[in-house]
Amino acid sequence: MRRLFPVTDQTSDREWSLDELAEAYAYPALGPDAHWLRANMVSTLDGAAQHDGRSQPISGETDMRIFGTLRALADVVVVGAETVRQEGYRPARAREAFAARRAAAGQGPAPAIAVVTASLDLDFSLPLFTSPLVPTLVVTGAAAPADRVAEAVKAGAEVVVAGDGVGADPARAVRELAERGLRRQLTEGGPRLLGQFVAADALDELCLTISPMLTAGDAQRISGGPSVTVPHRLAPACVLEEAGFLFTSYRRI
């Protein structure tokens, strides 16, 4: 485990540079046919993944820096349709601080956004679809509503069929994206989509920010849906601390 400093050392509380964060959260080396799906989520001390339906109130400045870093390292950001609607998703932007790193890795200027949806109940007039640096992908099933698929294509989105029914199969979605060269994958949820990836045993890494807050209430956990038969065990890979927030990374064993 890489512990960049003891979390009890209060004298070391400082802002982590983008280069340090990029090194701490670097993807593992991937073979020619390999892919890696990591999730980035935030949770309060009492397990809430949201407050008033959004993750922003339980986040913080450094959490957002890590959010940007993880995006800058990824080929594609995979997100559920409800999260797109709730969080007001916009296209990923090119960041000068990561331009050289992305070029050296053979990546374009910004990651693609891939929206996983069965109904395609999305506003295709939003900038996510009308003005991305790279086309937004819509990941769905072969039986998705044909009129909505046509609207997505008309808006400039690339439709990825990753299931035989209405919706996408999580494991197949990961493979379909990888076959398009999008092998360094990042999902930002929401909880239902993350739960589907967990249930399908498709998740390789969880980057979890532990927010030093208590909210009570009945907010969602970071993953939802049916429980797995046997809990999945991960191994700690990285721990950072700043301003009371813990930034952790756990990888599949």
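Below is a short write-up of the structure. (Residues numbered from 1 in each chain as written. Predicted model: local features only at pLDDT ≥ 70, side-chain atom pairs only at ≥ 80, totals over all residues. Heavy atoms only, no water.)

Some remarks on the pattern of salt bridges
Pairs may arise between side chains of opposite charge once their charged atoms sit close together. Condition: Salt bridge criterion: a side-chain nitrogen from Lys or Arg within 4 Å of a carboxyl oxygen from Asp or Glu. A run of H or I in DSSP becomes a helix once it reaches four residues, and a run of E becomes a strand once it reaches two; helices and strands are each numbered from the N terminus. Here the term buried applies to any residue with accessible area under 20% of the maximum for its type, exposed to any over 50%, and partly exposed to those in between, with areas from a 1.4 Å probe on protein chains only.
Evaluated as defined, the whole model comprises 14 salt bridges. Linking Arg65 and Glu15 is a salt bridge whose minimum nitrogen-to-oxygen distance equals 3.7 Å. With a gap of 50 residues between them, Arg65 in helix H2 (residues 61–73) and Glu15 in the loop between strand E1 (2–3) and helix H1 (18–24) connect regions that are remote in the sequence. For Glu15, a relative accessible area of 48% corresponds to the partly exposed category.

Concerning the environment of Ser125
This is how it is decided: Throughout this description, a polar contact denotes any pair of N or O atoms lying within 3.5 Å of each other; where both atoms belong to protein, one of them has to be capable of donating a hydrogen while the other can accept it, and for residues adjacent in sequence the pair is counted only when both atoms sit in side chains.
Tracing the backbone through its elements, the reader meets Ser125 in the loop between strand E4 (112–116) and helix H5 (127–130). Given a relative accessible area of 52%, Ser125 falls into the exposed group. Linking Ser125 and Gln196, residues 71 residues apart in sequence, is a C-alpha distance of 28 Å. Side-chain polar atoms of Ser125 contact the side chain of Asp123, separated by 2.6 Å.

Section: the packing of aromatic side chains
As a reminder of what qualifies: For Phe, Tyr and Trp, rings pair up if their centres lie within 6.5 Å, where Trp contributes its six-membered ring, and each pair is then called stacked (planes under 30 degrees apart), edge-to-face (over 60) or tilted (otherwise).
Scanning the model with the defined rule gives two aromatic pairs in all. Aromatic side chains Phe124 and Phe129 sit 4.9 Å apart centroid to centroid with 70° between the ring planes, which places their arrangement in the edge-to-face category. Of the two residues, Phe124 and Phe129, neither departs from the other in class, the shared state being buried. Between Phe245 and Phe247, the aromatic rings sit 6.2 Å apart at their centres with planes inclined by 10°, giving stacked as the arrangement.

Thoughts on the nonpolar core
Rules: In this text, buried Ala, Val, Leu, Ile, Met, Phe, Trp, Tyr and Cys residues form a nonpolar core when linked through side-chain atoms within 4.5 Å.
Counting residues in hydrophobic clusters, the biggest one holds 37 residues, and the most contacted among them are Tyr25, Val115 and Leu240. For this core, the element with the most residues is H2, which contributes four residues. Membership of the second largest hydrophobic core comes to 25 residues, among which are Met41, Ala49, Val139 and Phe197.

Brief notes about the packing of H2 against helix H4 (residues 96–104)
Here is the rule we go by: Helix axes are fitted to C-alpha atoms over the stretch in contact, other axes to C-alpha atoms as well, and angles between N-to-C directions run from 0 to 180 degrees. If an angle is under 35 degrees, it is roughly parallel; if it is over 145, roughly antiparallel; if it lies from 65 to 115, roughly perpendicular; otherwise it is oblique. Working rule for handedness: look at the near helix, and if it is turned counterclockwise from the far one by less than a right angle, call the crossing left-handed; if clockwise, right-handed. Working rule for contacts: check all heavy atoms of both residues, and any pair within 4.5 Å makes them a contact. Residues are grouped as follows: Ala, Val, Leu, Ile, Met, Phe, Trp, Tyr, Cys and Pro are nonpolar; Asp, Glu, Lys and Arg are charged; every other residue, Gly included, is polar.
It is at 10 Å that the axes of H2 and H4 come closest, and there the two elements cross at 30°. The orientation of H2 with respect to H4, classified from their angle, is roughly parallel. In the crossing of H2 with H4, the sense of the turn from one axis to the other is right-handed. Residues Thr69, Arg71, Ala72 and Leu73 of H2 pack against Phe98, Arg101 and Arg102 of H4. Tallied by class, the residues present in the contact of H2 with H4 amount to three nonpolar, one polar and three charged.

Some thoughts on the side chain of Gln107
Within the secondary structure, Gln107 is located in the loop between H4 and E4. What makes Gln107 buried here is its relative accessible area of 13%. A polar contact is formed between the side chain of Gln107 and the side chain of Asp75, at a distance of 2.8 Å. Excluding residues that lie within four positions of it along the chain, Gln107 makes contacts with Ala72, Leu73, Ala74, Asp75, Arg102 and Arg184.

What to know about unusual backbone geometry
Here the residue pair Gly189 and Gly190 is connected by a cis peptide bond, since its omega of 10° sits within 30 degrees of zero. Among the structural elements, Gly190 can be located in the loop between strand E7 (184–187) and helix H8 (191–199). In this structure, Ala216 takes a positive phi of about 55° despite not being glycine. Inspection of the secondary structure assignment puts Ala216 in the loop between strand E8 (205–211) and strand E9 (234–242). Positive phi, close to 55°, is recorded for Ala243, a residue that is not glycine. Relative to the helices and strands, Ala243 is located in the loop between E9 and strand E10 (245–252).

Observations regarding the pairing of E8
The following threshold applies: Here, a strand pair is defined by DSSP locating no fewer than two bridges between the strands.
E8 sits mainly inside the fold: six of its seven residues count as buried. Bridge analysis of strand E2 (residues 36–44) against E8 gives seven bridges, and the strand direction is parallel. Paired with Val42 across the strands is Thr209, a residue of E8. Pairing of E8 with E10 involves six bridges; the strand directions are antiparallel. Bridge pairing links Thr209 to Phe247 in E10.

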